[in-house]
Amino acid sequence: GAPAPGNGVVASGALVDELSGLGPSGLSALPHANSRDVVDVLTSAPLPSVGPSVGPSVGPSAGPSAIRPSVDLAECLKKLNAADNGLLYEDPFLQIGVKSQWQANQGRVMLYLGNKHGAELTEFSLELMSGLNADTASGAASLDGPGLQTRLAPVPSSLGAKKQVQVLLELAATSAFETPPTLLLRYAVKDTGSVHSQNVTLALPFGCHKFLTPWQSDGQPGAFFAKWRELTQKAQKVEVARANGSVAGILGVADALSSVRLTTHPGLDPNPKNVVASGIVPYAQAPGTTVMVRVESDANDAAVFRVTVAADDAATAAGVLRAVVSVIE
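Residues numbered from 1 in each chain as written. Predicted model: local features only at pLDDT ≥ 70, side-chain atom pairs only at ≥ 80, totals over all residues. Heavy atoms only, no water.

Describing the overall build of the protein chain
Phase 1: Within the protein chain, the secondary structure is distributed over 5 helices and 16 strands.
Phase 2: By residue count, 47% of the 329 residues in the protein chain fall in the buried class.
Phase 3: Of the contacts made within the protein chain by residues no fewer than 6 positions apart, 66% connect residues no fewer than 24 positions apart.
Phase 4: Of the accessible surface of the protein chain, which amounts to about 14300 Å², a share of 53% is contributed by carbon and sulfur atoms. (Helix = DSSP H or I, 4+ residues; strand = E, 2+ residues; numbered from the N terminus. Buried < 20%, exposed > 50% of the residue type's maximum accessible area, 1.4 Å probe, protein only. Contact = heavy atoms within 4.5 Å. Areas by Shrake-Rupley, 256 points an atom, 1.4 Å probe, with all protein chains shown as cover.)

As for the packing of aromatic side chains
Phase 1: A complete count under the given rule lists 7 aromatic pairs for this structure.
Phase 2: Seen from their ring centres, W102 and F206 are 5.7 Å apart, and the 45° between their planes marks the pair as tilted. Within this pair, whereas W102 is found in strand β3 (residues 94-103), its partner F206 is found in the loop between β11 (194-203) and α3 (221-232), the two being separated by 104 residues in sequence.
Phase 3: The buried category is assigned to W102, whose relative accessible area is 14%.
Phase 4: Accessibility expressed as a relative area gives 2% for F206, which makes it buried.
Phase 5: When the ring of W102 is compared with that of F211, the centres are 5.2 Å apart and the planes differ by 85°; the resulting orientation is edge-to-face. One end of the pair, W102, is in strand β3; the other, F211, is in the loop between β11 and α3, and 109 residues separate them in sequence. Each member of the pair, W102 together with F211, is buried.
Phase 6: Within the aromatic cluster, the residues linked to one another by ring pairs are W102, F177, F206, F211 and Y283. (Phe/Tyr/Trp six-rings, centres within 6.5 Å; stacked < 30°, edge-to-face > 60°.)

A short note on the pattern of salt bridges
Phase 1: Counted by the stated rule, this structure contains 11 salt bridges.
Phase 2: Across the pair K116 and E90 runs a salt bridge, and its minimum N-O distance is 2.8 Å. Within this pair, whereas K116 is found in the loop between β4 (106-115) and β5 (121-129), its partner E90 is found in strand β2 (residues 85-90), the two being separated by 26 residues in sequence. Both residues of the pair, K116 and E90, belong to the buried class. (Salt bridge = Lys/Arg side-chain N within 4 Å of Asp/Glu carboxyl O.)

Details of the confidence of the model for the protein chain
Phase 1: Here the protein chain averages 80 in pLDDT, and 76% of its residues register 70 or above.
Phase 2: Here residues 1-29 is modelled with pLDDT under 50, and outside its nearest four sequence neighbours on either side it reaches 56 contacts, counting other chains as well.
Phase 3: Of the regions scoring below 50 in pLDDT, residues 31-64 engages in 68 contacts with residues more than four places distant in sequence or in other chains. (pLDDT = per-residue confidence, 0-100.)

Topic: unusual backbone geometry
Phase 1: Phi at E123 takes a positive value of approximately 50°, unusual for a residue other than glycine.
Phase 2: Mapping E123 onto the fold places it in strand β5.
Phase 3: Backbone geometry places K162, a non-glycine residue, at a positive phi of 55°.
Phase 4: Within the secondary structure, K162 sits in the loop between β8 (148-152) and β9 (163-173).
Phase 5: The exposure class of K162 is partly exposed, given its relative accessible area of 42%.

Let's talk about the packing of helix α4 (residues 249-259) against helix α5 (residues 314-328)
Phase 1: For the pair α4 and α5, the least separation of the axes is 9 Å and the interaxial angle reads 130°. When the axis of α4 is compared with that of α5, the two are oblique. Here α4 and α5 pass one another in a crossing that is right-handed. On the side of α4, the interface is formed by V253, A256, L257 and S259, while α5 contributes V324, V327 and I328.
Phase 2: For the contact of α4 with α5, the per-class residue count stands at 6 nonpolar, 1 polar and no charged. (Axes fitted to C-alpha atoms, helices over the stretch in contact; angles between N-to-C directions. Parallel < 35°, antiparallel > 145°, perpendicular 65-115°, else oblique. Left-handed = near helix turned anticlockwise from the far one by under 90°. Nonpolar A, V, L, I, M, F, W, Y, C, P; charged D, E, K, R; others polar.)

Details of the layout of surface pockets
Phase 1: In this structure, the largest pocket spans a volume of roughly 220 Å³.
Phase 2: If you go around the largest pocket, you meet 18 residues; those closest to its centre are L77, N81, P180, L204 and R322.
Phase 3: When contributions to the lining of the largest pocket are tallied by element, the ones reaching two or more residues are α2 (73-81) and α5.
Phase 4: Looking at the lining of the largest pocket, its residues break down into 8 nonpolar, 7 polar and 3 charged. (1 Å grid on protein atoms, 1.4 Å probe; cavity = no way out; pocket = protein on both sides within 12 Å on 5 of 7 lines; lining within 4 Å. Points joined across faces, edges and corners; volume = space filled by probe spheres on them.)

The following block contains the structure:
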């Protein structure tokens, strides 16, 4: 059976009950994991050729042997907050793409690890951070964080030249959680006579908002705001956000809310310059956890919005607020 909440123990060789539904009878299967010639799984374009590294230094040192990402990691994370598929990480030697599926309180994420280089990547490892427990029988790794259970399939210790492997990450939301796990990436590679190494912690976009499902509303403002008042007495988080150039006005904000799986309710707010939205996070232990969002326009600055999130618990309110602000700013 499933471990008691918070005890951080996963039975050796057994998958926690909340993840058992992720097999053939659960979500539809993602592509089978096989090593193959590396291709960009996210677009039809070929992978970029290896070139000079650019971007901020990542890892414990910034010396000549350190590997720097060739993409803006924060921008990759922001895009994946609002998308099921995309790019998580890239440097001159390695690309990590993501394809994900979400159903009720469960998620399946396929990580596509592509070696872009003409030499083997060695000492390769991916490690879920925050309370990992090794499942020694299967070689998988399980994480029992507060409210979120995960399992990462075994990762090969090396990745051949111009090859790609797929590694499955399974998730199950059992109770409220605020912060997604992180992924520690390590590898080494020999290039132009020198050995380069990578050791970087990647933020993951798999927050509680990924599990949002619609809250059933009768379309009447009275019912929505009665529930709103109830939730604000339980947990409320507020932040002021300045919209980026791609978010134009309150309609752009409504689109941003929809992108993180919230259901918007046009015209429900008495002020036409505001927008409200809602959703339910079907945690296994609290399947009716409700969250509501109200975004108010600043009367003096069209690019500034006050975001208020109310929910049945503080962790869910904070997690959804984090996602909403990330797609507005």
